[in-house]
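Observations on the model geometry
Residues per chain are reported as follows:
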Amino acid sequence: MAVAVPNDSFELIHGLSSDLQLSVREIGELLDIHPRTLLRRQEAGKLEEAELLKAQMVGEAFDFATRALGDATAARRWLLSELPALAFERPIDLLTSIKGYERVKALLGQIVFGSY
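Residues numbered from 1 in each chain as written. Predicted model: local features only at pLDDT ≥ 70, side-chain atom pairs only at ≥ 80, totals over all residues. Heavy atoms only, no water.

**Overview of the overall build of the chain**
The following threshold applies: Segments assigned H or I by DSSP are reported as helices when at least four residues long, segments assigned E as strands when at least two residues long, and all are numbered from the N terminus. The buried label applies to any residue whose accessible area, calculated with a 1.4 Å probe on protein chains only, is under 20% of its type's maximum; exposed applies above 50%, and partly exposed to all values in between. Note on contacts: a residue pair qualifies if any of its non-hydrogen atoms lie within 4.5 Å across the two residues. Each accessible area is a Shrake-Rupley result for a 1.4 Å probe, and residues are judged covered by the shown protein chains and nothing else. His is not counted, nor are the chain ends, whereas Lys and Arg count as positive and Asp and Glu as negative. Every charge is mapped to an atom, namely NZ of Lys, CZ of Arg, CG of Asp or CD of Glu.
Broken down by element type, the chain carries 7 helices and 0 strands. When the helices and strands of the chain are placed in sequence order, the string is α-α-α-α-α-α-α. Across the 116 residues in the chain, those meeting the buried criterion constitute 41%. Of the contacts made within the chain by residues no fewer than 6 positions apart, 55% connect residues no fewer than 24 positions apart. Of the roughly 6,800 Å² that the chain leaves accessible, carbon and sulfur atoms contribute 52%. A gap of 3 Å separates the mean positions of the 13 positive and 17 negative side-chain charges of the chain.

**Description of helix 7 (residues 98–112)**
The test is simple: Take the number of residues in a helix, subtract one, and multiply by 1.5 Å to get its expected span.
Compared with an ideal rise of 1.5 Å per residue, which puts 15 residues at 21 Å, helix 7 spans 21 Å between its outermost C-alpha atoms and is within 8% of the ideal. The first or second residue beyond helix 7 is Gly114, which carries a positive phi of 75°.

**Here we look at helix 3 (residues 35–44)**
The test is simple: For this quantity, the arc is that covered by the directions from the helix axis to the C-beta atoms.
Among the residues of helix 3, those classed as buried are Thr37, Leu38 and Arg41. Projected onto a plane normal to the axis of helix 3, the buried residues spread over an arc of 100° and lie on a single side. Turned more than 90 degrees away from the buried face of helix 3 sit Arg36 and Glu43, all of them exposed. Residues of helix 3 that are buried sit in contact with helix 2 (24–30) and helix 4 (49–69).

**A closer look at unusual backbone geometry**
A positive phi angle, near 55°, is found at Gln21, a position not held by glycine. With respect to the helices and strands, Gln21 occurs in the loop between helix 1 (11–20) and helix 2. A positive phi angle, close to 60°, is found at Phe88, a residue other than glycine. Looking at the secondary structure, you find Phe88 in the loop between helix 5 (72–79) and helix 6 (91–94).

**Quick notes on the nonpolar core**
Spelled out, the test is: Residues belong to a common nonpolar core when they are buried Ala, Val, Leu, Ile, Met, Phe, Trp, Tyr or Cys residues joined through side-chain atoms within 4.5 Å.
Ile13, Leu20, Val58, Trp78, Leu79 and Leu95 are the most contacted members of the largest nonpolar core, which totals 33 residues. The residues touching Leu20, leaving out its near neighbours within four places in the chain, are Ile27, Val58, Phe62, Arg76, Leu79, Leu80 and Ile92.

**Quick notes on the environment of Arg76**
Within the secondary structure layout, Arg76 lies in helix 5. Residue class for Arg76 comes out buried when judged on its relative accessible area of 12%. Linking Arg76 and Asp19, residues 57 residues apart in sequence, is a C-alpha distance of 7.8 Å. Once residues within four sequence positions are removed from consideration, Arg76 is found in contact with Asp19, Leu20, Gln21 and Phe62.

**Some details on the pattern of salt bridges**
Rules: Basic side-chain nitrogens of Lys or Arg form a salt bridge, by our definition, when they fall within 4 Å of a carboxyl oxygen of Asp or Glu.
Counted according to the given criterion, the structure contains 5 salt bridges. Across the salt bridge formed by Glu48 and Arg41, the nearest N and O atoms sit 3.9 Å from each other. Salt-bridge contacts for Asp93 lead to Arg90; the nearest nitrogen and oxygen are separated by 2.9 Å. Exposure remark for Arg90: the relative accessible area of 29% places this residue in the partly exposed category. Each of Arg41, Glu48 and Glu51 takes part in a single network of salt bridges with overlapping partners.

Spelled out as structure tokens, the structure:
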């Protein structure tokens, strides 16, 4: 069963670009969207379902990190840092799979509850 994708779903890419202070192209690379495909999506204003899901996971993780760490600057720095708790991977790089998203969410939960 297909999920309805909003016609303005590409706006999420612009929001992530602003929040993470990365270019639209860098957000596309993060979401594993080829640059030409990203341009077509931008022209249409709409992402494919899988692309939208990945973008939503990144956005939700950024929001959670902002709440957990106190502000957007700290969240951005944390998401873009290589962390020992994630085998020196950057949280942002894990957010394109459900498993990676859950690992990042769990780590943020540990920070919130003081068990990090």
